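Tertiary structure, described
This is what each chain is made of:
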Amino acid sequence: MKTIGLLGGMSWESTVDYYKLINETIKRDLGGLHSAKCILFSVDFQEIESYQFSNQWDKSAALLSEACQSLEKAGADYIVICTNTMHKVADVIQQQINIPIFHIAKITAAELKRNQIKTVGLLGTSFTMEEEFYKNIIEEEGIQVLVPEKNDRDKISQIIYEELCLGKINQDSKEFYLNIVNELNQKGAEGVILGCTEIGMLINQNDTEVQLFDTTKIHAVQAALHSLND
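Residues numbered from 1 in each chain as written. Predicted model: local features only at pLDDT ≥ 70, side-chain atom pairs only at ≥ 80, totals over all residues. Heavy atoms only, no water.

1. Focus on the overall build of the protein
The criterion, for reference: Helix and strand assignments come from DSSP, with helices taken as H or I runs of at least 4 residues and strands as E runs of at least 2, each series counted from the N terminus. With the radius of gyration taken over C-alpha atoms, the globule rule is written as 2.2 Å times the number of residues to the power 0.38. Exposure is judged per residue with a 1.4 Å probe applied to protein chains only, and the accessible area is read against the type maximum: over 50% gives exposed, under 20% gives buried, and values in between give partly exposed. By the convention used here, residues are in contact when the closest approach between their heavy atoms is within 4.5 Å. Exposure was quantified through the Shrake-Rupley algorithm and a 1.4 Å probe, taking into account, for residues, occlusion by the shown protein chains and nothing else. Under the counting rule used here, the positive set is Lys and Arg, the negative set is Asp and Glu, and His together with the chain ends is not counted. One atom stands in for each charge, and that atom is NZ of Lys, CZ of Arg, CG of Asp or CD of Glu.
Secondary structure assignment for the protein yields 10 helices and 7 strands. Taking 230 residues into account, the globule formula puts the C-alpha radius of gyration at 17 Å, and the protein, at 17 Å, falls close to it. Taken along the three principal axes of its C-alpha coordinates, the protein extends 45 × 40 × 35 Å. A burial count over the protein gives 53% of its 230 residues as buried. Taking contacts inside the protein between residues at least 6 apart in sequence as the whole, the part at least 24 apart equals 74%. If you sum the accessible surface of the protein, you get close to 10700 Å²; carbon and sulfur atoms cover 44% of it. Computed over 20 positive and 33 negative side-chain charges, the inter-centroid distance for the protein is 4 Å.

Below, the structure written as structure tokens:
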């Protein structure tokens, strides 16, 4: 079994889900008392968030690169960055380490292809929805990406930072997200990516008939299965 290097804390609320899902997957596949071999480096999200909103991505990249170097030195075989947004600096981090990054957008794109999705909606932070670092990877697989309107994107992102990252679940926010999912579906999206690792705390497949692709679940389960591949 390979050792997974988890880069977490962004936010710790979703990192908990990563640890749980990874170990549940290993237990399901191997049975008995088996659990995942993993190492966690959890950063202070307040510092990362301040770099995001002050456009100091170079500083966040340096901080996360140092964390990943620590994971590598500790024996990790590959890195799982437990957040969508900070994959914006994944290429920079990869240049600083000698083990691969298990990229969340690439894994999600593969899941979309398995489900024969041609057009997909994307929810996430403003950075994820508006910039190219994430959407391009999906689109390179021949999948069209739809995002909400600007005002809706702002509110989606605000809910992530001001509620979900703090563990707050608001019914009004849930209804707002589900309305956005339905709007994207009406515009042609065959499914919707929950492209922030906290969104699954708010909505899930039981809430809608529109197919949801929860990146936390997809990323964590595939990371666990990857650890079992020789």
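2. As for the packing of helix 5 (residues 104-114) against helix 10 (residues 215-227)
Helix packing geometry: the angle between the two helix axes and the distance between the axes. Spelled out, the test is: Helix axes are fitted only over the stretch in contact, all axes being lines through C-alpha atoms; the angle between N-to-C directions runs from 0 to 180 degrees. An angle below 35 degrees is treated as roughly parallel, one above 145 as roughly antiparallel, one from 65 to 115 as roughly perpendicular, and anything else as oblique. Gly falls in the polar group here, along with every residue not listed as nonpolar (Ala, Val, Leu, Ile, Met, Phe, Trp, Tyr, Cys, Pro) or charged (Asp, Glu, Lys, Arg).
Between helix 5 and helix 10, the shortest axis-to-axis distance is 9 Å and the interhelical angle comes to 100°. Between helix 5 and helix 10, the angle is such that the two are roughly perpendicular. Taken together, the residues of helix 10 that come into contact with helix 5 (itself represented by Ile104, Ile107, Thr108, Glu111 and Arg114) are Thr215, Ile218, His219 and Gln222. In terms of residue class, the contact of helix 5 with helix 10 is made up of 3 nonpolar, 4 polar and 2 charged.

3. Describing unusual backbone geometry
Ser11 follows Met10 through a cis peptide bond whose omega is 0°. Backbone geometry at Asn55 places phi at a positive 60°, although glycine is not the residue there.

4. Re the side chain of Glu13
Definition in use: Any Lys or Arg side-chain nitrogen located within 4 Å of an Asp or Glu carboxyl oxygen qualifies as a salt bridge.
Its place among the elements puts Glu13 in helix 1 (residues 12-30). In this structure, Glu13 is buried with no salt-bridge partner, the nearest side chain bearing the opposite charge being Lys168 at 10 Å. Residues contacting Glu13, with those up to four places away along its chain left out, are Leu164, Cys165, Leu166, Gly167 and Met201.

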